[in-house]
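Residue-level structure breakdown
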Amino acid sequence: MRNLLLALRNLLRNRRRTLSTLLAIVVGTQSILLFGGYSRGIIYGTQTEFVKRSGHLQIQRKGYYLYGGGNPAAYGISDYQQIIDAVQHDPVLAPMLTVVTPTLQLGGIAGNFAAGVSRTVIGTGIDVDDQNKLQAWNDYGFPAINNGKPLSLTGTAPDAAVVGMGVARVLHLCRKLKVPDCKQEAPPDPAPPPESANAAAAPADISDLARGEPGEPAANDSAARIEVLAADTHGAPNVVSLSVVEAGNQGIKELDDVFLMMHLEEAQRLIYGRSAPQVTGIVVQLQHTGQIAPARARLRELLAASFPGQELDVLDFATINPTYGQFISFFNAIFGFIAILMGVIVLFTVSNTMNTSIVERTVEIGTLRAIGMRRRGIQMLFIYEGLVLGILGVVLGVMITLLLAAVVNHSGLSYVPPGRVDQVLYFIWLSGKQNLLFILGIAATLILLVMGSAWWPAHRAAKMEIVNALRHV
Amino acid sequence: MHPIVLKNVGKTYKLDAVDIPALIDINLEIRGNCFTVISGPSGSGKTTLLNLMGCLDRPDQGEILIAGQPVKDLSDDALSDFRARNLGFIFQNFNLLPVLTAYENVEYPLLLAQVPAKVRRDRVRSLLDAVGLSDKAGHRPGQLSGGQRQRVAIARALSPEPKVVFADEPTANLDSETGSAIIALMRRIQRDHHVSFIFSSHDPKVMLQADDSMQIRDGRIISVERGAAAEGSA
Ligand SMILES: Nc1ncnc2c1ncn2[C@@H]1O[C@H](COP(=O)(O)OP(=O)(O)OP(=O)(O)O)[C@@H](O)[C@H]1O
Ligand SMILES: [Mg+2]
């Protein structure tokens, strides 16, 4: 304590120099923490998005991830309801689980045959209630923008679907679905395209297929209807007619252009027809991301023991969404660069300050040595000054950073991130207990760095010859 | 036993390629409980000699015994501890720590010698009293005159109760009146505390006060005059 006070007094001797050094430490701390908070916001925000969309783990047929994308028929999981039950009632897994829900992914062609347009889509069949539960995941306490808003499919008819805005544009559904930026769409009451004079309705073979399906709702002119064509388990074409209830922005253009979401039963009807329905994935969402490893281990054990007939694999969200890992390494690289840059600046500023101060106090150092202070004592004198400088600068820096972060987070400033089509709010994630360790870690590292920057000058001071130091003018 | 004995001590400074012999073959005994003055022209080697006796520097030749102990073999740390317990220093430029008050400056050597708090307090109070600065205890050096600063420095030098106090031209930066007062104070304190004081000075007033007086010229002792002061009282 006495040493710290002495250090503080010595620092106050040259206030201007101390202040400018503090400023460097404060700015360094700020830059590191602000960028750290920003990149953590993006990394954990992305993670939250992935987990909300597709859970932490997915049970799939072996090889589905690499080879099965276009072939749900060959990689379907049968008896999936039993698997889900087993997972949900497993004593090890149960306490970790939030949602276990089946999904069916399929590739197909969506057509608005009334307008003579079609495009390939990637469709997902989902259980709406389960998906709404998935969407509620917010383990990091993010101020989520559309939290609590249920999926548009909630409470809709069995043939309802949601498409991406890109899909809606291509399928000339802009007007009906109120999609912005649709200049190319034909005006109301378009003249039928010349080459399809008989295409006011779907081609006969397509409508035949659709008519064969049970529960076909009555045609409704005001609804946006599409037909989705896919290959069934036997490779034969099958069609369902869907009523599009909404065109939603999926954030990423590539996804927005192929996105189709429908009720699981409808998707199963399209792929498996009247044979036993299957799914391509069972989404498992956990309470915490940290539970992935034990949960996966237990899942593998359980699946191998109870369902040896199907070769099942358990993939985590980072494997299924490789961009997640790319985000992390990208931001970590920039963060590392900024941290090192700032660290070097702080190091040089502090050691320069210390060197100047040591030269100025050479006679003092000689005097202290003369009256019996050991070399180590001299060194500690300056290291303590580094410590005080570090604590002051870093604490100040952290406080200002938290303030700035709060200002930014409440400012409503937004930007369009690369690869996305929607606005994202600037968000610096430094609040909450998940960030405490991060902030403390950075703070402690910086304080140690400042102390370390004082170490070498202090070592030089300690090595001075007493008589030379006393002769110094 | 003499507090300080020098045997064939030599010290040479090396400046670039030139050797500057600052002290040549010094044989010297400092008597205990005495006021010893070393005088000589500028550059004669007074400071060098004091630095060697004060264990601030090591000789190139010869041997120095302090209180009978050869200091040559002591490590740097041991020498520091030795200085902290046994030696006091007064400087021409006072060399007080500017961030510490008069009280704290006097207390500082006691902290280095790890003296308990109560002893520290008593000793600092009585020393400030002895140098007539009780009322300035809370002042920093910047708020004190040159004479007052040197009095604080005297109190600091005496606080660890050293056996020997070294003072290299302690009055050179003071006007003659203040200088005389400081010399008188040191003389009084030297008697009251039964310590040895070793001075360097060209000041005739200082030499008049001396028990023992030594002349140095070109790095050699050219005369030693011993007064009547009794060593036995130490
Ligand atoms: N660090 C050093 N490097 C080189 N030469 C030195 C050094 N210190 C002292 N000298 C030389 O040693 C000699 C003795 O110096 P010293 O300082 O002991 O003299 P002094 O008697 O104290 O003089 P003054 O009365 O001016 O203080 C001088 O010639 C000086 O130039
Ligand atoms: Mg000198």
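Position labels on residues start from 1 in each chain and follow its written sequence. Labels follow written order: the first chain is A, the first ligand is 1, and so on. Selection of residues for local features in this predicted model requires a pLDDT of at least 70, selection of side-chain atom pairs for listing and counting requires 80 or more, and totals for whole chains, interfaces and linings are taken over all residues. The basis for the side-chain values is all heavy atoms of the structure; hydrogens and waters are excluded.

**Considering the sheet that holds strand E3 (residues 35–39) of chain B**
Strand-to-strand pairing in sheets goes through backbone hydrogen bonds, with the strands running parallel or antiparallel. Residues and elements named next belong to chain B. So the rule is basically this: Pairing between two strands is assigned when DSSP locates at least 2 bridges connecting them. Working definition: helices are DSSP H or I runs of at least four residues, strands are E runs of at least two. Numbering for both runs from the N terminus. The angle between two axes is taken between their N-to-C directions and runs from 0 to 180 degrees, where each axis is a line fitted to C-alpha atoms and a helix contributes only its stretch in contact.
The strand order across the open sheet formed by 6 strands is E6-E7-E8-E3-E9-E10, and the pairing between neighbours is mixed. Each edge of the open sheet carries a strand with a single partner, namely strand E6 (87–90) and strand E10 (220–226). Within the sheet, the average angular offset between the axes of one strand and its neighbour, ignoring direction, is 15°. As defined by bridge partners, strand E7 (residues 164–168) adjoins strand E8 (residues 196–200) across 5 bridges and the pair is classed as parallel. By the bridge assignment for E8, Asp168 is matched with Ser200.

**With respect to the confidence of the model for chain A**
How we decide: pLDDT expresses how confident the predictor is about each individual residue, on a scale running from 0 to 100. Contacts are assigned to residue pairs with any non-hydrogen atoms lying within 4.5 Å of each other.
Of the residues in chain A, 90% have a pLDDT of 70 or more, and the chain-wide mean is 87. Low pLDDT, under 50, characterises residues 190–200 of chain A; the predicted model gives this stretch 4 contacts beyond four residues in sequence or across chains.

**Digging into the interface of chain B and chain A**
Formally: The quantity reported as buried area is the accessible area (1.4 Å probe) lost by two parts once they are put together, taken as the sum for both. We define a salt bridge as a contact between a side-chain nitrogen of Lys or Arg and a carboxyl oxygen of Asp or Glu at a distance within 4 Å. Under this definition, polar contacts are N or O atom pairs within 3.5 Å; protein pairs additionally need one hydrogen-donor-capable and one acceptor-capable atom, and for neighbouring residues in sequence, both atoms have to be side-chain atoms.
Opposite the 26 residues of chain B that make contact, chain A presents 20 residues. Regarding the contact of chain B and chain A, the summed buried area is about 2100 Å², with carbon and sulfur atoms giving 59% of it. On the chain B side of the contact with chain A, Leu56, Val99 and Tyr108 of chain B bury the most area, a combined 23% of that side's loss. For the pair chain B and chain A, the interface holds 5 salt bridges. Salt-bridge contacts for Arg9 of chain A lead to Glu104 of chain B; the nearest nitrogen and oxygen are separated by 2.7 Å. Taken together, the connections running from chain B to chain A amount to 9 residue pairs in polar contact (both at pLDDT 80 or more).

**A word on the packing of aromatic side chains**
All names here are of chain A. What counts here: Classification of ring pairs uses Phe, Tyr and Trp, with its six-membered ring standing for Trp, and accepts pairs whose centres are within 6.5 Å; under 30 degrees between planes counts as stacked, over 60 as edge-to-face, and the remaining range as tilted. Both a distance and an angle decide whether a charge sits over a ring: NZ of Lys or CZ of Arg must be within 6 Å of the ring centre and within 35 degrees of the ring normal.
Under the counting rule described, the total for this entry stands at 25 aromatic pairs over all chains. Between Tyr140 and Phe142 the ring centres are 6.4 Å apart and the planes differ by 70°, which places this aromatic pair in the edge-to-face class. Put simply, the rings of Phe35, Tyr38, Phe327, Phe330, Phe331, Tyr415 and Tyr426 touch in pairs and so form one group of aromatic residues. Taking NZ or CZ as reference, Arg40 lies 4.4 Å from the ring centre of Phe438, over its face.

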